[in-house]
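# Structural characterization, general
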Amino acid sequence: MISFVPEPHLLDSPRGRDWPRLRAPVRDQDAAPPPFAEVAIVGAGPAGLAVASALWHHGVRDVVLLDRAGEPCQRFFGRIDLLGQRVLRSPYEHHPGVEGYRDCELLDFARLHWSRLTPVERREIRMAQAGHRSVVPVDVFDAYCAHLVASHHVAERTWRASVREVRPTTDAVTVLADRFTVTARHVVLCLGEERRPAPESWWGGGRPPSGVSYWDEPLPRGGQRQIVVGAGLTAAHLIGNALAAGREVHWVIRETGERFQCADVNSTFFRPEGRARFDRVTWDERLGLMARFRRASIMFEFRPMLERAEAEGRLVVHRGEAVTTVADGAAVRLDGGRVISGDLAVLALGTAPSIGTRLLPPDLVAERDGWPSLDERTLGYERAPRVSVVGAAAGMVLGPAARNIDGHRVATARVAAAIAGRLSQESVAPQRVVARV
Ligand SMILES: Cc1cc2nc3c(=O)[nH]c(=O)nc-3n(C[C@H](O)[C@H](O)[C@H](O)COP(=O)(O)OP(=O)(O)OC[C@H]3O[C@@H](n4cnc5c(N)ncnc54)[C@H](O)[C@@H]3O)c2cc1C
C-alpha cells in the first residue's frame, strides 16, 4: 500500500497580515444591551456567528449576542494562537457562512485576496477548486470571520457578559448575566466546549500541582525537559513548539500508537449521507459511533516532524502508558509504576461539550449519557423548546461533525429556520409577553 504523507511546510502559513476590512461601527463594550430582543445568542464563537448571520438573512435583526469576551470568535482564535496553530484542520468547504444566500464563502474570500497569499496557499486553493483536500490558513479564516461579522452587523449586537442562568417560560426566556438581564423570545446556546480536566485521582482535583498546566493556559518560559500528555492535534502543536524551543520532549499517549488523520472526524460524517447514517440508528448505536469516531488524532502533516524528532532522540514517546498520578515538580507516574519528570508538564486531554447544564435547570436539560435531550428537527431542548443549541452540544443529533465548523452550519440552518418560522407566527412584542408571565 502506498501511504501519502503531505508536506509539513503546509503548516507554516503567516499570521497577522493586514487584510482589507469592511468598516463596522464602534460601540462602548461596557454598555448594557437592550433589555428585550427577539433572539438572544449566548456565545459568539464560530457557532454564534453562524446563527447571527443566518438570522440576519431570515430578516431577524433584533438579536443580542452575549459572550464572555465581548468580541466574536475571540476564544477560538485565542486558543489557536496560544498553540501557534497556523492552519485549520478543516478544509475550505467548512465555514460559518450561510448557505443558500448570496454570501461570499470562504473559498471566494480567499480567491478575492489572491495577491496577499503565499505560493503554497495559492496552490491549496487550486486543490480546493479541484475538489481535493486543502489546507486553510488561520489568517484567511480569521479575516473571513471578520468579514462575516461586519457584513451581518454582528459586532454592533455583541455584548461582553458572563451568562449565569437561563430561565425559560412558556412565552419567553430570561437570560441572567453578570451585569444585566435580557429577555428574548428565543435563546440559542452556542457555548462551545470546555477543556477536559484531569481525573481527580491524578492529584485530588482543583488547580494542578506546580510545574503542571493545561493546554489552554500560557506556558512558563524556559525549562529543558517538557512532558506532554494527550494524543490529539493540540498535543502535536505543544510538542512542535517545545522542540522548536530546543526542549527534550516526553510524550505520553494512552493508546498503543498515534493516529494520523486529515480531519478530526471521519469525513463521511460531514456529508448528508454520513449524517443520515447517524439518523437511522438507536441511541446506544449513536453512542457507539461517537466513541469510535470522536477519538483523538493528529493531522498527517505533523508526521515527518514527529518521526524525525523521535529518531534523533529529541522526542521520547511513551506509547500505551496511562498516567496514574501527577505531583509537584511535573512528576508524572505511569501505570507501569515508572515516574517521568520534567521542568514542566502540559495536559492536553481534549474538550467536553457544554450542554447547558450550568445555565438551565437539570430537569430541562434532561441529560442522558452527557448529552441534552433535543428535538431533532429544531435542536430545541425537548423540555424548553424556546432554547436551542448549535455546536458540539448537538452531537447526538448531528453526529461527530457537530463539534466542527461544518456541523455548526448544518445546525444553524435548522435552528435559524425554526426560530424565524415561529417568530413570524408570534406577533406580540417580547416586553408585552413578559408582562403577562
Ligand atoms: C485549538 C483548536 C483548533 C480547532 N480547529 C478546528 C478546525 O480547524 N476546524 C473545525 O471545524 N473545528 C476546529 N476546532 C473545533 C472548534 O472548537 C469549533 O469548531 C469551534 O470553535 C466551535 O465554535 P463554537 O462557537 O461552538 O465554540 P467557541 O469558539 O468555544 O465559542 C463559544 C463561546 O461561548 C462563550 N461562552 C460559553 N459559555 C458562556 C457563558 N456562560 N456566558 C458567556 N459566554 C459564554 C465562550 O467564551 C466562547 O467565546 C478547533 C478547536 C480548538 C480548541
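In this report, the structure presented in the accompanying data block is examined. What you see is a predicted model; the values in this text were computed from it and never measured.

### Structural notes on unusual backbone geometry
We note that cysteine 73 has phi near 65 degrees; this positive angle belongs to a residue other than glycine. You can see cysteine 73 is positioned in the loop between strand E2 (63–67) and helix H2 (74–82). Take cysteine 73: its relative accessible area is 4%, and that puts it in the buried class. Of note in the backbone geometry, histidine 153 takes a positive phi value of approximately 55 degrees without being a glycine. With respect to the element layout, histidine 153 can be found in the loop between helix H5 (138–151) and strand E3 (158–160). Overall, the relative accessible area of 34% leaves histidine 153 in the partly exposed class.

### Examining the sheet that holds strand E8 (residues 212–214)
Pairing is parallel in the open sheet, where five strands are placed in the order E8-E15-E9-E10-E11. At either margin of the open sheet sits one strand with a lone partner, and together these are E8 and strand E11 (315–319). For this sheet, the mean angle separating the axes of adjacent strands, direction not counted, is 20 degrees. Note: strand E9 (residues 225–229) against strand E10 (residues 248–253), five bridges, orientation parallel. Across the sheet, arginine 225 pairs through a bridge with glutamate 248, a residue of E10.

### Examining the site of the ligand
In the neighbourhood of the ligand, 25 residues make up the surrounding shell, with Asp67, Arg89, Ser90, Val163 and Ile405 lying closest. The side chain of arginine 75 places a nitrogen or oxygen atom 3.0 Å from an oxygen atom of the ligand. Measuring from a nitrogen atom of the ligand, one finds a side-chain N or O atom of serine 90 at 2.7 Å. Here the ligand has 970 Å² of accessible area as a free molecule, and 91% of this is covered by the chains. Elements supplying a minimum of two residues to the shell around the ligand: helix H1 (46–57), H2 and helix H12 (405–425). If one sorts the elements of the shell around the ligand by residue count, H2 sits on top with three residues.

### Considering the sheet that holds strand E14 (residues 339–341)
Here we have three strands laid out as an open sheet, ordered E12-E13-E14, and antiparallel in their pairing. A strand with exactly one partner marks an edge of an open sheet, and here the two such strands are strand E12 (323–327) and E14. Put simply, the sheet's adjacent strands are angled 20 degrees from each other on average, direction ignored. Looking at chain direction, strand E13 (residues 331–334) and E14 are connected through three bridges and run antiparallel. Counted as the bridge partner of alanine 331 is serine 341 from E14.

Procedures and definitions
Residues numbered from 1 in each chain as written. Predicted model: local features only at pLDDT ≥ 70, side-chain atom pairs only at ≥ 80, totals over all residues. Heavy atoms only, no water. Helix = DSSP H or I, 4+ residues; strand = E, 2+ residues; numbered from the N terminus. Buried < 20%, exposed > 50% of the residue type's maximum accessible area, 1.4 Å probe, protein only. Pairing = 2+ DSSP bridges. Axes fitted to C-alpha atoms, helices over the stretch in contact; angles between N-to-C directions. Near = heavy atom within 4 Å. Polar contact = N/O pair within 3.5 Å; in protein donor to acceptor, adjacent residues only side chain to side chain. Areas by Shrake-Rupley, 256 points an atom, 1.4 Å probe, with all protein chains shown as cover.

Functional significance is not addressed by these values, which are geometric in nature.
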